[in-house]
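# What the coordinates show
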Amino acid sequence: MSKQKEIVYCHTYHAPLGDLHLAVDRRGRVLRVSFIELEPWDANIHLETNKYACGELELQLDEYFHGTRTGFSLETRIDGTEFQLSVWKKLCKLPYGATVTYGELAAKVGRARAARAVGNAIAENPVCILVPCHRVIPSSGGIGKYGARHLPVEIGRARKRYLLSLERQPDVDSPDLFSVPLSEAIA
């Protein structure tokens, strides 16, 4: 007997920094907020386009991008290793507008020498922006390689610069940080 596929509702949200691909389950829990188009990530998932099912997520993203929301009140349902989940959970506690280095985040999850592993966990974050991986910066300065597994480096950097700028990051003053406007990097 074959297992019935889970229906997951998806929608493309046109954000100021480029399209975000959203996915929620039938209970409205957020499964994905991604810069790349979604494909079923499990054989038991069937994606169905449904803008209305993603409505609350889209509304909160609108508020965030308009500067009227500094935190999200959406339930997520994300899978990962125990270590990944600990990194993502700690990231969700990082206040709006704050930043942390990979090493500092590693120390906060009890693995002070695991900055590279933290970077790998961040790269696997399935719900960008809600789990604010853009708030993690290299200790050497600069912006890092945001979204590098799925985006060209300069587009990822431009998106991270945009998000940090939106959250008004005066403490991140590397000359590389805001050097290329989003519109130039994406064009």
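A brief report on the enclosed structure follows. (Residues numbered from 1 in each chain as written. Predicted model: local features only at pLDDT ≥ 70, side-chain atom pairs only at ≥ 80, totals over all residues. Heavy atoms only, no water.)

### What to know about unusual backbone geometry
Worth spelling out the cut-off: Put simply, DSSP marks the helices as runs of H or I at least four residues long and the strands as runs of E at least two long, and each gets a number from the N terminus on. With a 1.4 Å probe rolled over the protein chains alone, any residue whose accessible area is under 20% of its type maximum counts as buried; one over 50% counts as exposed, and the rest are partly exposed.
If you check the backbone angles, I129 has positive phi at about 75 degrees while not being a glycine. With respect to the secondary-structure elements, I129 resides in the loop between helix 4 (115-123) and strand 6 (136-137). A relative accessible area of 2% means that I129 is categorised as buried.

### Comments concerning the packing of aromatic side chains
Stated precisely, the cut-off is as follows: Between the rings of Phe, Tyr and Trp (Trp by its six-membered ring), a pair exists once the centres lie within 6.5 Å; its type follows the angle of the planes, with under 30 degrees stacked, over 60 edge-to-face, and the other angles tilted. Charge over a ring is defined by NZ of Lys or CZ of Arg lying within 6 Å of the ring centre and within 35 degrees of the ring normal.
Across all of its chains, the model carries 6 aromatic pairs by this definition. Both rings, one in Y13 and one in F65, keep their centres 6.2 Å apart while their planes meet at 20 degrees; by these two values the pair is stacked. Of this pair, Y13 sits in strand 1 (residues 6-15) while F65 is found in helix 1 (residues 55-65), placing the two residues 52 residues apart along the sequence. Its relative accessible area of 3% is what places Y13 among the buried residues. Residue F65 is classed as buried on the basis of its relative accessible area of 7%. Grouped by ring-pair contacts, the aromatic residues Y13, Y64, F65, F72, Y96 and Y162 constitute a single cluster. The ring of W41 is capped by R32, whose NZ or CZ atom sits 3.8 Å from the centre of that ring. Its end group placed over the ring of F83, R111 keeps NZ or CZ at 4.7 Å from the ring centre.

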